[in-house]
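Descriptive analysis of the structure
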Amino acid sequence: MFDAHCHLERMADANEVWQRSRKAGVHGVLIAGVNAEGWKKQNEMHDENIHVAWGLHPWSVAHATGEQIQEQMDLLQKMLADPPVQPIALGETGIDHSKRVSKESRDIQATVFRQHIRLSKQYNLPLVLHIVRAHEQAISILKDEGLPPAGGMVHSFSGNGVDAKRYINMGLHISFSGTVTDVRRKKVREVAKNIPMDRLLVETDAPDQTPITRPRGPNEPAFLVDVVNAVATLREETFETVAKRTLRNACLLFKLEIP
Ligand SMILES: [Zn+2]
């Protein structure tokens, strides 16, 4: 299995968490970027199975001053031009119109999102997209700027089938998190059931979004088993088929060797 999106760098016991994940059958993970402080920790954790993407998360953008955003975007450009470790993607970036972020931050979120898209094209890195309740605007910005040839993924997809189709037609992958383990999330489960197999990715978003099938507490990549299981059941496939196919899809998207 490949955990296409997590935040191992935020976990105090990351070493043990990673050992448990390996035992559970997780071959590799992508640690998505949130802010400059996290990028440093990500780079320290980077190895042949722990991959990194740098980006300024929409929440980080919403909670920063203009100056702090500028500083971090400058550092991001510097890291891309002279990478301390090899990133396999750029992000997370995107737009969040949920209640967690202020309406006033929407313009600056969109501006920083556009900057990320331009950098992803300059360095031909796949985009890691965080899009919540803003699919219409995100798609229009993606179309306006144009995608990098390397493509990208919509992480922890929460839209409907129509949104999914539009992303897929643009060449993007769709990644499902622990939300698919919750039978009340009918819309997202329907999408996980029906999207083309070659665009399917799975993730935990650990330590966030613990699957409903696990006790309350921090999520970890080992729980990717539950996500794969839920997707396999929905698609009437075996666990093995979905585990292998999503690992292969991740390796093709991120240009990693297929194990
Ligand atoms: Zn994330």
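A brief report on the enclosed structure follows. (Residues numbered from 1 in each chain as written. Predicted model: local features only at pLDDT ≥ 70, side-chain atom pairs only at ≥ 80, totals over all residues.)

**Details of the pairing of strand E4 (residues 89-96)**
- Among the eight residues of E4, eight are classified as buried, and the element is accordingly described as predominantly covered.
- As judged from the two bridges shared by strand E3 (residues 50-54) and E4, these two strands associate in the parallel manner. Looking at the pairing, Ala53 lines up with Ala89 of E4.
- As judged from the six bridges shared by E4 and strand E5 (residues 127-132), these two strands associate in the parallel manner. Note on E5: the bridge partner recorded for Thr93 is Leu129.
- At this point the chain moves from E4, through helix H5 (residues 106-122), to the parallel E5, and the crossover so formed is right-handed. (Buried ≥ 20, exposed ≤ 12 C-beta atoms within 10 Å, placed from the backbone. Helix = DSSP H or I, 4+ residues; strand = E, 2+ residues; numbered from the N terminus. Pairing = 2+ DSSP bridges. Right-handed = clockwise from strand over helix to strand, strands pointing away.)

**Digging into the environment of Pro149**
- With respect to the helices and strands, Pro149 occurs in the loop between helix H6 (135-145) and strand E6 (152-154).
- Among the residues examined, Pro149 registers 10 C-beta atoms within 10 Å and is labelled exposed.
- For the pair Pro149 and Tyr167, spaced 18 residues apart in sequence, the C-alpha separation works out to 14 Å.

**Quick notes on helix H2 (residues 36-45)**
- For H2, the set of buried residues is Gly38, Trp39 and Gln42. With its buried residues spanning 105° around the axis, H2 presents them on a single face. Projecting away from the buried face of H2 at angles above 90 degrees are the exposed residues Glu37 and Glu44.
- Tucked into the core, H2 has its buried residues touching strand E2 (28-31), E3 and helix H4 (66-81). (Arc of directions from axis to C-beta. Contact = placed C-beta atoms within 7 Å.)

**Regarding the packing of helix H9 (residues 224-235) against helix H10 (residues 239-253)**
- It is at 8 Å that the axes of H9 and H10 come closest, and there the two elements cross at 115°. Comparing their axes, H10 and H9 come out roughly perpendicular. Seen along the crossing, H9 lies across H10 with a hand that is right-handed. Residues Val228, Asn229, Val231, Ala232 and Arg235 of H9 form the contact with H10, whose participating residues are Phe239, Thr241, Val242 and Ala243.
- Tallied by class, the residues present in the contact of H9 with H10 amount to six nonpolar, two polar and one charged. (Axes fitted to C-alpha atoms, helices over the stretch in contact; angles between N-to-C directions. Parallel < 35°, antiparallel > 145°, perpendicular 65-115°, else oblique. Left-handed = near helix turned anticlockwise from the far one by under 90°. Nonpolar A, V, L, I, M, F, W, Y, C, P; charged D, E, K, R; others polar.)

**Brief notes about unusual backbone geometry**
- Cis geometry is found at the peptide bond from Gly91 to Glu92, where omega equals 20°.
- Omega for the bond connecting Ala206 with Pro207 falls within 30 degrees of zero, at 10°, which places this linkage in the cis form.
- One can find Pro207 in the loop between strand E8 (200-202) and H9.
- The residue Asn124 is not glycine, and still its phi comes out positive at about 40°.
- When you line up the elements, Asn124 lands in the loop between H5 and E5.

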